Amino acid sequence: MADITRFGISIEKNLLEKFDRLIGKKGYTNRSEAIRDQIREALVRKSWLEGKEGVGTITMVYNHHQRELTEKLTDIQHHYYRDVLSTQHVHLDHDNCLEVVIVKGRPSRIEELANRLRACRGVKHCSLSITSSGKGM
Ligand code: NI
């Protein structure tokens, strides 16, 4: 475990009460862990915005009956084969498929991939969730 440093924070009472209510709803039992998570989240966003390596998941739901859609989604993913680590497909019901694509690469390329998948006719929902490779955190 990394060295732990303790430090004090000056904050308006009103703002701290809001923060405590917010983290209480999220299930945190202490402020330190909530603040650490906020810092990590900011670092992930910064790394993403700076265009360094990003890790994430693209989750999409699409119409199983849309003609040639499955082939098209696969073709697009093949084009980005260097960025796609893994794909999982679930047949949600008779009409809908759920696919989760785990990606790692340059953020601009990952966003481009997500946008191309989202733009396909028959894709009902597509969201990109970014996270960290865990390095330097
Ligand atoms: Ni399916």
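Because the structure is predicted, anything quoted here is derived from the model rather than measured. Throughout this description, residue numbers start from 1 for each chain and increase along the sequence as written. Confidence filtering applies because this is a predicted model: local features only for residues at pLDDT of at least 70, side-chain atom pairs given and counted only at 80 or more, and all residues used for totals across whole chains, interfaces and linings. By convention in this description, side-chain values take in all heavy atoms of the structure and omit both hydrogens and water.

### Regarding the overall build of the protein chain
- Helical segments are the DSSP runs of H or I of at least four residues, strand segments are the runs of E of at least two, and each set is numbered from the N terminus. Regarding its fold elements, the protein chain presents four helices and four strands.
- When the elements of the protein chain are put in sequence order from the N terminus, they spell out α-α-β-α-β-β-α-β.
- Relative to the compact-globule value of 14 Å for 137 residues, the protein chain shows a C-alpha radius of gyration of 20 Å, a clear excess of over 25%.
- The principal-axis extent of the C-alpha atoms belonging to the protein chain is close to 60 × 30 × 25 Å.
- Relative to all contacts within the protein chain whose residues are 6 or more apart in sequence, the contacts with residues 24 or more apart total 66%.
- In the form shown here, the protein chain has an accessible surface area of approximately 10000 Å², with 51% of it arising from carbon and sulfur atoms.
- Taken together, the 23 basic and 18 acidic charged side chains of the protein chain have centroids lying 4 Å from each other. C-alpha atoms define the radius of gyration, and 2.2 Å times the number of residues to the power 0.38 defines the globule rule. The contact rule is simple, with two residues in contact once any of their heavy atoms fall within 4.5 Å. Method for areas: the Shrake-Rupley scheme with a 1.4 Å probe, in which residue coverage is limited to the protein chains shown. Residues scored as positive are Lys and Arg, those scored as negative are Asp and Glu, and His as well as the terminal groups of each chain are ignored. Positions of charges follow a simple convention, taking NZ of Lys, CZ of Arg, CG of Asp or CD of Glu.

### As for the sheet that holds strand 3 (residues 96-105)
- For two strands to be treated as a pair, DSSP must find no fewer than two bridges joining them. Here four strands make up an open sheet; going across it, the order is 2-3-1-4 and the pairing antiparallel. With partners counted over all chains shown, the strands left at the sheet margins are strand 2 (84-91) and strand 4 (123-131), one partner each. If you compare each strand with its neighbour and ignore which way they point, the axes differ by 15° on average.
- Across ten bridges, strand 1 (residues 54-63) lies against strand 3 in antiparallel orientation. Bridge pairing links Met60 to Glu99 in strand 3.
- Axis geometry follows a simple rule: fit a line to the C-alpha atoms, using only the stretch in contact for helices, then measure angles between N-to-C directions, giving values from 0 to 180 degrees. Of the strands in this sheet, strand 1, strand 2, strand 3 and strand 4 are in contact with helix 3 (residues 69-79), which crosses strand 1 at around 170°.
- Sheet contacts for helix 4 (residues 107-118): strand 1, strand 2, strand 3 and strand 4; angle to strand 4, the most-contacted strand, approximately 165°.

### A few points about the coordination of the nickel ion
- With distances of 2.1 to 2.4 Å, the protein atoms coordinating the nickel ion are His89 (NE2), His91 (ND1) and Cys97 (SG).
- In the primary sequence, the donor residues of the nickel ion line up as H-x1-H-x5-C.
- The class for His91 is exposed, based on a relative accessible area of 63%.
- For Cys97, a relative accessible area of 2% gives the class buried. Donor atoms are limited to N, O and S found within 2.8 Å of the metal ion, a distance that becomes 3.2 Å for Na, K and Ca. With water left out, some sites might look partial. Each residue's exposure class comes from its accessible area (1.4 Å probe, protein chains only) as a fraction of the maximum for that residue type: buried when under 20%, exposed when over 50%, partly exposed otherwise.

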